Amino acid sequence: MEYSPTAKELSHFPFLKKAQDHARGRFTSLDSLLKDKKGAALIERALERVQESITPKKTFAPEVTGTPEEEIGAYAFARVIVSCVSDRQLIDRLTRYEAERAYYFLVKEEDWNQNYRQEDGEYSRLCIALAEELGIRITQDRMPLVDYVELVAPLHEDRFHLVNRKLEGGLVTIRKDERYELVRERIRLLLRRDLPHKVPAALCEQLSPRVAQLKKAYQEQMLQQFGAIEESAFPPCMQVLITALTAGTNLTHAGRFSLTTFLHTIGLDVNGIAELYARSPDFDPEKTMYQVEHITGRGGSGTEYTAPACAAMRTTGLCVHRDPLCEKVAHPLSYYKAKKRDLLKKGPKKTDEKKEGKPPAPPT
Ligand code: SF4
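Since the structure is predicted, the reported quantities are computational estimates derived from the model, not experimental observations. (Residues numbered from 1 in each chain as written. Predicted model: local features only at pLDDT ≥ 70, side-chain atom pairs only at ≥ 80, totals over all residues.)

Participant: Even after reading the chapter, I still don't get the site of the ligand, so can you show me in this structure?
Facilitator: The immediate surroundings of the ligand are formed by P235, P236, C237, C310, M313, C319, R322, C326, V329, P332 and Y335. At the level of secondary structure, the elements contributing two or more residues to the shell around the ligand comprise α11 (236-246), α15 (310-315) and α16 (332-345). In terms of residue class, the shell around the ligand is made up of 10 nonpolar, no polar and one charged. (Near = placed C-beta within 6 Å. Helix = DSSP H or I, 4+ residues; strand = E, 2+ residues; numbered from the N terminus. Nonpolar A, V, L, I, M, F, W, Y, C, P; charged D, E, K, R; others polar.)

Right under this line is the structure:
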């Protein structure tokens, strides 16, 4: 099915090759663009886009503010900016934001434009055409098993598990609303796959004052989100790793990596993390500091690693002692946030167990 979107529609799905081709001819070279007002405005719009991606409550404006070409250009610049920052979590936030934004327009446009539907009222042309552009095959109510399995791997809801699906002739049955969700997941996967871009150092240098402001806002946002460290809200997997460390068990590389990135993201500083590792029987201060600084982005590479999601934790055998809350989350950090919220709702504790920048106490 040939998908021939208008320029406005392309600005809703700026990651499509058709959108990139459309915008390419309308801008001058990158060098001259960055020197004129148009370029400065595009960077501002791109920064706003990244800023929106780290805002907890996202809302999407039904009408884009600039021209379709500016919107597509801002999308591309936003990806350049997060590549310069080189923080996995920020990259994840932006890709999730872009996928959510496309999902919003997809559902909205299908609701608006009845012409996209055939007489049975169910056949959704835009969704199917978009899916085709993105390299997956979705029909009215089913999709090939091989495409389905790849898409649902990071999704944790029971309804996506294959045991809960009807499978016939290599095709998995899906509902109409799930089609939109699967296309959204495909967009997220594709956009995440080719980030970070290799951006020339000179370009990152040119953007650095604005990038520094963004980094600061992002760190403030993270601190607001996670607040003071609350160990009773740690997910079971992290509690087990800390217990093992305290009991003198050497952690595997994956275990150290997961625990370090988790503690770093929720606000424990490098010294606090190293102090925790001092309980390990093979504690080597220099080696530990090197590893911790490397993982937390202070060791020269500038890359901050993010704690693995539950799916990755399962693969490395680190997802253990799951509890009912685990069924509702896809990431140990989401578990932590949700549990912390629950604890807050239940009211303050009699003793102040909150710690700022201090390692968790050994379990008793
Ligand atoms: S489901 Fe996620 S949060 Fe729960 S134990 Fe497994 S990895 Fe940890």
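Participant: Looking at this structure, I do not really get α16. What am I missing?
Facilitator: Residue pairs three or four apart in sequence face the same way in an α-helix, which turns once every 3.6 residues. Between its first and last C-alpha atoms α16 spans 20 Å; for 14 residues at 1.5 Å apiece the expected length is 20 Å, and the two agree. Those residues of α16 that fall on the buried side of the exposure criterion are P332, L333, Y335, Y336 and K340. For α16, the angular spread of buried residues about the axis comes to 150°, placing them on one side. For α16, the exposed residues lying more than 90 degrees away from the buried face are R341, D342 and K345. Of the surrounding elements, those touching the buried residues of α16 are α11, α12 (253-265) and α15. (Expected span 1.5 Å × (residues − 1). Buried ≥ 20, exposed ≤ 12 C-beta atoms within 10 Å, placed from the backbone. Arc of directions from axis to C-beta. Contact = placed C-beta atoms within 7 Å.)

Participant: Any chance you could explain unusual backbone geometry here in plain terms?
Facilitator: Look at the link from L195 to P196: it is a cis peptide, with omega at 0°. Inspection of the secondary structure puts P196 in the loop between α9 (176-193) and α10 (201-226). With a phi angle near 55°, H321 is a residue other than glycine that sits in the positive phi range. Checked against the element boundaries, H321 lands in the loop between α15 and α16.

Participant: Would you mind showing me how to read the nonpolar core here?
Facilitator: Soluble globular proteins: nonpolar side chains tend toward being buried together. One finds A46, A78 and I81 to be the most contacted residues of the largest nonpolar core, which totals 50 residues. Only α2 (17-24), α4 (37-53), α5 (68-85), α6 (88-112), α7 (125-133), α8 (145-152), α9 and α10 provide two or more residues apiece to this core. It is α5 that provides the largest number of residues to this core, a total of 10 residues. The contact partners of A46, leaving out residues within four places of it in the chain, are A74, F77, A78 and I81. Judged by nonpolar contacts, the second largest core, of 26 residues, contains L245, A307, M313 and Y336. (Core = buried A, V, L, I, M, F, W, Y, C linked by C-beta atoms within 7 Å.)

Participant: What is the right way to read helix α14 (residues 285-295) from this model?
Facilitator: Along α14, the positions that sit buried rather than exposed are T288, V292 and I295. Seen along its axis, α14 keeps its buried residues to an arc of 65°; they face one direction. Across α14 from its buried face, at more than 90 degrees, point the exposed residues E286, K287 and Y290. Where α14 is buried, its residues touch α12 and α13 (270-277).

Participant: Sorry if this is basic, but what is going on with the environment of E52 here?
Facilitator: Inspection of the secondary structure assignment puts E52 in helix α4. Once the C-alpha coordinates of E52 and Y97 are considered, the two residues, 45 residues apart in sequence, prove to be 8.0 Å apart. Those residues in contact with E52 that sit more than four places away from it in its chain are K58 and Y97.

Participant: Would you mind going over the sheet that holds strand β1 (residues 142-144) with me for this structure?
Facilitator: In a beta sheet, neighbouring strands pair by backbone hydrogen bonds and run either parallel or antiparallel. If you trace the three strands from one edge of the open sheet to the other, you get β1-β3-β2, paired in antiparallel fashion. Strand pairing shows two members of the sheet lacking a second neighbour, β1 and β2 (167-168), which therefore form its edges. Sheet topology places β1 next to strand β3 (residues 171-173); three bridges connect them, and they run antiparallel. Of the residues in β3, the one forming a bridge with P144 is L171. Lying over the sheet, α8 contacts β1, β2 and β3, oriented at roughly 95° with respect to β1. (Pairing = 2+ DSSP bridges. Axes fitted to C-alpha atoms, helices over the stretch in contact; angles between N-to-C directions.)

Participant: How should I be thinking about the packing of α4 against α5 in this particular structure?
Facilitator: To describe two helices that pack against each other, one gives the angle between their axes and the distance between the axes. Running from N to C, α4 and α5 cross one another at 65°; their axes reach a closest spacing of 8 Å. In terms of their interaxial angle, α4 and α5 are classed as roughly perpendicular. Helix-helix and strand crossings are classified by hand; for α4 and α5 the assignment is right-handed. Every residue of α5 that contacts α4 at L42, I43, R45, A46, L47, R49 and V50 is listed here: E70, G73, A74, Y75, F77, A78, I81 and V82. (Parallel < 35°, antiparallel > 145°, perpendicular 65-115°, else oblique. Left-handed = near helix turned anticlockwise from the far one by under 90°.)

Participant: I'm lost on the environment of V146 in this one. Help?
Facilitator: As for its position among the elements, V146 is in helix α8. Between the C-alpha atoms of V146 and G170, which are 24 residues apart in sequence, the distance is 8.2 Å.

Participant: Would you explain the confidence of the model for the chain in this entry?
Facilitator: Close inspection of predicted coordinates is inappropriate in any region flagged by low pLDDT. Put simply, the chain has an average pLDDT of 82, and 87% of its residues get 70 or more. Here residues 116-123 is modelled with pLDDT under 50, and outside its nearest four sequence neighbours on either side it reaches 10 contacts, counting other chains as well. In this model residues 350-356 is a low-confidence stretch, pLDDT under 50, and it forms eight contacts with partners more than four residues away in sequence or in other chains. (pLDDT = per-residue confidence, 0-100.)

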